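Letter by letter, the chains look like this.
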Amino acid sequence: MGSFPEVVELNVGGTPYVASLKTLLAEEGSWLQETFGGVSAPSDLPVDSNGRIFIDRDGSLFRHVLDYLRDPARYALPVGFLERDRLRKEADFFRLAGLQELLVKMAPGCITVGYRGSFQFGRDGLADVKFRKITRLLVHGRVALCREVFGDTLNESRDPDHGGSDRYTARFFLKHVFIEQAFDMLQEQGFRLVGSCGSGTAGSVSENLKPGVDTEENRWNHYNEFVFVRD
């Protein structure tokens, strides 16, 4: 066989693929880089009846291998992906260290996001409700998982136990109060919303309100939680 063309046709477990040679060589030290990175194509590579190079691996999962190689920094598993263990075996076979590390980081887990707030009133009181006012976004879950998802936006200052990352905590909160941003970050990491609950409003009014707190607005304090799962 001669050298590989810039566009390589493959048959992986019976599923045809076409990929650029650049993509196949993207990760140094991988099986693909070793196989397709030589000056000339190895003479012992099997081909199918259409002349495509045959790789006897899982054809359906190979698309994730290619997706990862095309853009490692942005690759993420689809929401609800249920074949993480099988994909890990493919990453092991192809010696894709980056994908192996990513699959370890993207382990299944649960994170709860809660917020305490009230409704912001205008000049006309109840007749002029403007928007919800969130005072803090709380984060509950396994420490390592929370750090993975929220990164620098996670505030750990109220967590008294700075032990191992495998522990769980209910004391984290975010450095911002944009709940949609928190939801976006969870979705980007493969989490999906599975449940939510709220305390309702029109609660009792504390007799010792802080200066500047509107008595009527304080009646509308509420607390909501949203449970996200990555499985």
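Scroll up for the structure.
Described in the following lines is the structure provided in the data block. Since the structure is predicted, the reported quantities are computational estimates derived from the model, not experimental observations. Position labels on residues start from 1 in each chain and follow its written sequence. At least 70 in pLDDT is required for a residue's local features to be given in this predicted model, at least 80 for side-chain atom pairs to be given and counted, and no such filter applies to totals for whole chains, interfaces and linings, which use all residues. Side-chain metrics rest on all non-hydrogen atoms present in the structure, leaving aside hydrogens and water.

**Some thoughts on the packing of aromatic side chains**
- When two rings of Phe, Tyr or Trp (its six-membered ring) have centres within 6.5 Å they constitute a pair, described as stacked for plane angles under 30 degrees, edge-to-face for angles over 60, and tilted for the intermediate range. Per the stated rule, a full pass over the model turns up 10 aromatic pairs.
- Plain terms: the ring middles of Phe 93 and Phe 94 are 5.0 Å apart, the flat faces sit at 85° to each other, and that makes the pair edge-to-face.
- Relative accessibility under 20% of the residue-type maximum defines a buried residue, over 50% an exposed one, and the middle range a partly exposed one, all with a 1.4 Å probe and only protein chains included. By relative accessible area, Phe 93 is classed as partly exposed at 30%.
- For Phe 94, a relative accessible area of 0% gives the class buried.
- When the ring of Phe 183 is compared with that of Phe 226, the centres are 5.2 Å apart and the planes differ by 70°; the resulting orientation is edge-to-face. With Phe 183 in helix H7 (residues 179-188) and Phe 226 in strand E9 (residues 222-230), the pair connects residues that are 43 residues apart, well separated along the chain.
- The class for Phe 183 is partly exposed, based on a relative accessible area of 24%.
- By definition here, charges over rings are those cases where NZ of Lys or CZ of Arg is within 6 Å of the ring centre and within 35 degrees of the ring normal. The aromatic ring of Phe 93 is capped on one face by Arg 57, whose charged end is 4.2 Å from the ring centroid.
- The lysine or arginine in question, Arg 136, covers the ring of Phe 173, its NZ or CZ lying 4.1 Å from the ring centre. Helix and strand definitions here come from DSSP, where helices need a minimum of 4 consecutive H or I residues and strands a minimum of 2 consecutive E residues; each element is numbered from the N-terminal end.

**What to know about the pattern of salt bridges**
- Basic side-chain nitrogens of Lys or Arg form a salt bridge, by our definition, when they fall within 4 Å of a carboxyl oxygen of Asp or Glu. One pass over the structure, following the stated rule, counts 11 salt bridges.
- With a closest N to O distance of 2.2 Å, Arg 86 and Asp 58 form a salt bridge. Of the two residues, Arg 86 is situated in helix H4 (residues 84-93) and Asp 58 in the loop between strand E3 (53-55) and helix H3 (62-70); the sequence distance between them amounts to 28 residues.
- Given a relative accessible area of 40%, Arg 86 falls into the partly exposed group.
- Owing to a relative accessible area of 17%, Asp 58 belongs among the buried residues under this scheme.
- Through salt bridges with shared partners, a single network forms among Asp 58, Glu 83 and Arg 86.

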